Protein chains: 2
Amino acid sequence: MKATIITIGDEILIGQIIDTNSGFIAKSLDRIGVEVREMISISDDKKHILDTFSQLQNKVDLVIVTGGLGPTKDDVTKKTFCEYFDDQLVVDPEVLAHVTQLIEGYFKRAITQMNKDQALVPSTCTILHNKVGTAPGMWMKKENTVFISLPGVPYEMKYLVEEEIIPKIVREYKRPYIIHKTILTYGQGESLVAERIEHWENNLPGFIKLAYLPNPGRVRLRLTAKGTDKGILEAAIEENVKSLDAIIHDIIVGFDDDETIEVVVGKLLVQQNKTISTAESFTGGKIASLLSAVPGASHYFKGSVVSYATETKVNVLGVPQNLVDEFSVVSAEVASAMALNVKQLLKTDYAIATTGNAGPSKGDSDTEIGAVFIALATPNGVVTEEFNFGQPREKVIDRATIKSLEILQKEILKIV
Amino acid sequence: MKATIITIGDEILIGQIIDTNSGFIAKSLDRIGVEVREMISISDDKKHILDTFSQLQNKVDLVIVTGGLGPTKDDVTKKTFCEYFDDQLVVDPEVLAHVTQLIEGYFKRAITQMNKDQALVPSTCTILHNKVGTAPGMWMKKENTVFISLPGVPYEMKYLVEEEIIPKIVREYKRPYIIHKTILTYGQGESLVAERIEHWENNLPGFIKLAYLPNPGRVRLRLTAKGTDKGILEAAIEENVKSLDAIIHDIIVGFDDDETIEVVVGKLLVQQNKTISTAESFTGGKIASLLSAVPGASHYFKGSVVSYATETKVNVLGVPQNLVDEFSVVSAEVASAMALNVKQLLKTDYAIATTGNAGPSKGDSDTEIGAVFIALATPNGVVTEEFNFGQPREKVIDRATIKSLEILQKEILKIV
């Protein structure tokens, strides 16, 4: 079963917002064995949407459209569906009752004509009831292709995908199995990893595909197996991961599929019953916010002192002023003191500290732009590493954030 | 001048990563008057890429392709360009020298054959030299359409767009002006705003387009004017913004185009020479990291105490234990104490504090999931607001983060 995802909205085409809806839908479809062939973003232009529909007709089984369903004049999806299906809009009483209840009961204000118009749907569509918003989803079929329209508001879209679309596809369509396994490697570049595993890669069975996903300092290897027998796929993946592990065991740091570094680190801390805090300068709380974004973080994350200003490092964290004067605020010495002091202040087993110059201009230090010190206080002491992450500012912050969690991970796993 | 942006990579189609490259390219093109007609994500499949190229041939002036340029077997873009242009790969000596210098000089290791292959380019292409990575960009023209290939690594792509592609387009092509103006409104929903400005909207000149960009609690109105005379466009935008302001002055909170709330707040703080700190529980440092992501944040952001654990609120922030016992850790009283105490501890003019239950399960409090208290300490005292942001966790954290900055903005502007 093949699908195309279409996002409608000029705001995406001028770069004002990033489309995250398509990624969510793609992941949800992938899990049930539906292959996403293409993602397309186009403008709120009826003719362009109709042309795109025609091109996809009978080429894919499923076209999922998000956006363009709001009550205002710039939203065109519903009219376009009517034209494509030679249908007309009618009021659906159930949707109207829901919209009325939401506006009058929940928002406590009079319903307007525009609100009421949300209950207009093409007369032949199957309605996907949107319990968390006013715009309903629509499911319509022409020849071999199903066209689905969803609101663009992310949590409304998510609700309809999870509660309506995925269950309906699972009930009504036969699909193959798609299994992914991602291997996280650390410390060697894409080319080097590729040369080491070339022979192994050449011997992969035809139904397993390998992809390299490089990030600075680490490469994820993704294996994808597709077929009708889940048992065979799983066994083949397992066998090939095992033979891969024999070749590059020294650089493999994890096997989990979708897991981000903060989730991996969180699991390690729970396993070992340890706690963590952070003292952050230029990362500004980003490490803390990643750690705490994970459900259940309260089991290991106690908090952070974001000591952005030098005086906060001295007054709140208790970094000695003479250390700052002697070594500068961007130094291994200050990073170490920050880590040790926040560990003591928040009474944790581990503590991460960052100090650096993220740019674009120099701050309270003469250190060069991009220079970063990361310290990790452990139950046994403190280690500090120096980096230069260059520019721009955003990259320096992001790389230092990920790097600090990787240092923590390696320390916990003792694979340094 | 019309463009299509293509992203190549299965990792996008299975939802493993979100494509942010296209948004960056779109914004860069929009600024110089190039209209992005479509964004497409397709897999590393040569036939699919070739079909897409053929469909776009002579339909758009510019096709920009990112991804698929790495050294490994799963990267197919270069071979596909050769096939489409009936060309062959040749070694470019300048690129080879650069790659060799980068690998041997910077990374200090022996160059491999795969590294060397990065210097292979189609013989007729114009090379876009990538000073920040190993994969060069390529610019090739067939009939009326230019095809450009860029590496998928975001900062390499950004470098080539900013330093090579945009300057080249500006030099070689005539383009119209595209001007956007975004008006930020606050406190009324999309339908209500639309009804209030219906008459104004119907009277907009044909060359100005209006779009509604709704977010929970706020709606951005984006005006786009396109034409050949910049002066006329700017005057028309200004006039229509003025007449719009006369109608919905009560809900307009800002006018800036691309500015995020943290940038707007930062400017206000600099203008008024005030400083800010945060005390964050469930937002986990997200407010601090947004504030500090802005270049120049050191002029107003002093730091944060991320008091995720209750004991951190008591021990570090000095929230009285009896306040926690009496009102629970998720309460207006605790939020107020957090804000006042962090303001004093970090010696700032303003302080934001958050406490709440982001879910998915209940934490150190019996408060219902989604319940949030935001406190703002000001030079004159402290105000606290209560919200329920529902679920999921991610939404609760994001909405509270934005809301707290909006509360700060309104307080500074005294438009409450």
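What comes next concerns the included structure. Just so we're clear, the structure is a prediction, and the values are computed from it rather than from any experiment.

Turning our eyes to something else, we now look at the side chain of Lys302 of chain A. Residue and element names in this part refer to chain A. Mapped onto the fold, Lys302 is located in strand 14 (residues 301–307). Classification of Lys302 by relative accessible area gives buried; the value is 14%. Of note is the side chain of Lys302, whose polar atom sits 2.9 Å from the backbone oxygen of Lys347.

Looking now at the relation of the copies chain B and chain A. When chain B is fitted to chain A, the best match, at an RMSD of 0.2 Å, comes from turning it 180° and sliding it 0.1 Å along the axis. Those values place the two copies in the arrangement expected of a two-fold rotation axis. Comparing contact sets, 100% of the residues at the interface of chain B also lie at the interface in chain A, consistent with an isologous, same-surface contact.

Let us look at the interface of chain B and chain A. Taken residue by residue, the interface counts 89 residues in chain B and 90 residues in chain A. Across the chain B/chain A interface, buried area totals approximately 7,100 Å², and carbon plus sulfur atoms make up 55% of it. The largest share of the area that chain B buries against chain A comes from Ile14, Gln16 and Tyr308 of chain B, three residues that together contribute 8% of it. The tally of links between chain B and chain A comes to 6 salt bridges. Lys302 of chain A serves as the salt-bridge partner of Glu311 of chain B, at 3.1 Å between the closest nitrogen and oxygen. Summed over the shared surface of chain B and chain A, the result is 33 residue pairs in polar contact (both at pLDDT 80 or more). Among the elements that make up the side of chain B that touches chain A, the one with the highest residue count is strand 2 (residues 35–42) of chain B (7 residues).

Read across the sheet, 12 strands follow the order 6(A)-7(A)-8(A)-3(A)-1(A)-2(A)-2(B)-1(B)-3(B)-8(B)-7(B)-6(B) without closing on themselves; strand pairing throughout is mixed. Across the chains shown, the open sheet's two edge strands, defined by having one partner strand only, are strand 6 (126–128) of chain A together with strand 6 (126–128) of chain B. Neighbouring strand axes in the sheet, compared pairwise and without regard to direction, differ in orientation by 20° on average. Pairing of strand 1 (residues 2–8) of chain B with strand 2 of chain B involves 7 bridges; the strand directions are parallel. Across the sheet, Ala3 of chain B pairs through a bridge with Val36 of chain B, a residue of strand 2 of chain B. Running at roughly 160° to strand 8 (residues 145–150) of chain B, helix 4 (residues 77–84) of chain B makes contact with strand 1, strand 3 (62–66), strand 7 (137–142) and strand 8 of chain B of the sheet.

Conventions adopted
Residues numbered from 1 in each chain as written. Chains lettered and ligands numbered in written order. Predicted model: local features only at pLDDT ≥ 70, side-chain atom pairs only at ≥ 80, totals over all residues. Heavy atoms only, no water. Helix = DSSP H or I, 4+ residues; strand = E, 2+ residues; numbered from the N terminus. Buried < 20%, exposed > 50% of the residue type's maximum accessible area, 1.4 Å probe, protein only. Polar contact = N/O pair within 3.5 Å; in protein donor to acceptor, adjacent residues only side chain to side chain. Least-squares fit on C-alpha atoms with pLDDT ≥ 70 in both. Contact = heavy atoms within 4.5 Å. Buried area = accessible area lost by both parts, 1.4 Å probe. Salt bridge = Lys/Arg side-chain N within 4 Å of Asp/Glu carboxyl O. Pairing = 2+ DSSP bridges. Axes fitted to C-alpha atoms, helices over the stretch in contact; angles between N-to-C directions.

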